Amino acid sequence: MSYLTRTLGNLRKIGFKEYWHQLNYIGDTKAGKLVGVDRFGNKYFEDNEELPLRTRWVDYVKHDFDAAQIEPQWHLWISYGIDTPPNQDPITTKARSWASAEHIPNQTFGPTAFRTYSTTKPKIKAWEPVARARQ
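Residues numbered from 1 in each chain as written. Predicted model: local features only at pLDDT ≥ 70, side-chain atom pairs only at ≥ 80, totals over all residues. Heavy atoms only, no water.

Draft legend 1. Summary view of the environment of Asp59. Its place among the elements puts Asp59 in strand 3 (residues 56–59). On the accessibility criterion, Asp59 (19% relative accessible area) is buried. In this structure, the C-alpha to C-alpha distance between Asp59 and Lys123, residues 64 residues apart in sequence, is 53 Å. (Helix = DSSP H or I, 4+ residues; strand = E, 2+ residues; numbered from the N terminus. Buried < 20%, exposed > 50% of the residue type's maximum accessible area, 1.4 Å probe, protein only.)

Draft legend 2. Layout of the packing of helix 1 (residues 3–14) against helix 2 (residues 16–25). As a packed pair, helix 1 and helix 2 sit with axes 7 Å apart at the nearest point and diverge in direction by 125°. The angle between helix 1 and helix 2 falls in the class oblique. Here Thr7, Leu11 and Ile14 of helix 1 lie close against helix 2, whose contacting residues are Phe16, Glu18, Tyr19 and Gln22. The class makeup of the residues in the contact of helix 1 with helix 2 is four nonpolar, two polar and one charged. (Axes fitted to C-alpha atoms, helices over the stretch in contact; angles between N-to-C directions. Parallel < 35°, antiparallel > 145°, perpendicular 65-115°, else oblique. Contact = heavy atoms within 4.5 Å. Nonpolar A, V, L, I, M, F, W, Y, C, P; charged D, E, K, R; others polar.)

Draft legend 3. Representation of the nonpolar core in the model. Core analysis: the largest hydrophobic core is formed by eight residues, namely Val35, Tyr44, Val58, Tyr60, Ile70, Trp74, Trp77 and Ile78. Considering each element in turn, this core owes the most residues, three residues, to helix 3 (residues 72–78). When residues no more than four places from it in sequence are discounted, the contact partners of Ile70 are Tyr44, Val58, Tyr60, His75 and His103. (Core = buried A, V, L, I, M, F, W, Y, C linked by side-chain atoms within 4.5 Å.)

Draft legend 4. Quick look at the side chain of Glu46. Within the secondary structure layout, Glu46 lies in strand 2 (residues 43–46). Within polar-contact distance, the side chain of Glu46 engages the side chain of Arg56 at 3.3 Å. Setting aside anything within four residues of it in sequence, one finds Glu46 in contact with Gly32, Lys33, Val35, Thr55, Arg56, Trp57 and Trp77. (Polar contact = N/O pair within 3.5 Å; in protein donor to acceptor, adjacent residues only side chain to side chain.)

Draft legend 5. Here's a closer look at the pattern of salt bridges. Here the structure, examined in full by the defined rule, presents three salt bridges. A salt bridge links Glu46 to Arg56, with the nearest nitrogen and oxygen atoms 3.3 Å apart. Of this pair, Glu46 sits in strand 2 while Arg56 is found in strand 3, placing the two residues 10 residues apart along the sequence. On the accessibility criterion, Arg56 (11% relative accessible area) is buried. For Asp83, the salt bridge goes to Arg56, with nearest N and O atoms at 3.9 Å. In this pair, Asp83 is assigned in the loop between helix 3 and helix 4 (90–93) and Arg56 in strand 3, connecting sequence segments 27 residues apart. Here the residues in one salt-bridge network are Glu46, Arg56 and Asp83, joined through shared partners. (Salt bridge = Lys/Arg side-chain N within 4 Å of Asp/Glu carboxyl O.)

Encoded structure:
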């Protein structure tokens, strides 16, 4: 299917409001069924008529989105690690004693990022030049 006919078909399926929303936030138009919603309010969709590896996508609640805002089970599903969505899988719906109740997103480049520091005394002292006064 060509790009134009696919886009116009999706406009007909999802309506103008959702069509405009998708163009602004994901840069493409997709029509699929809602698979589930996570604790943050992110919506997960699937359409098996799309191109391979483009059949699943997420509509983030926050529009300054980051992949770290996806819970681990949903991240596994959206990256094709499992076929069953986490809200339909009996294993992932059980509460685990070892898992944290609250999802902590990755803070790599954020203000709370981990920074290493050395507690040992350096073995080599850096050379600091001393300039004599001019005559």
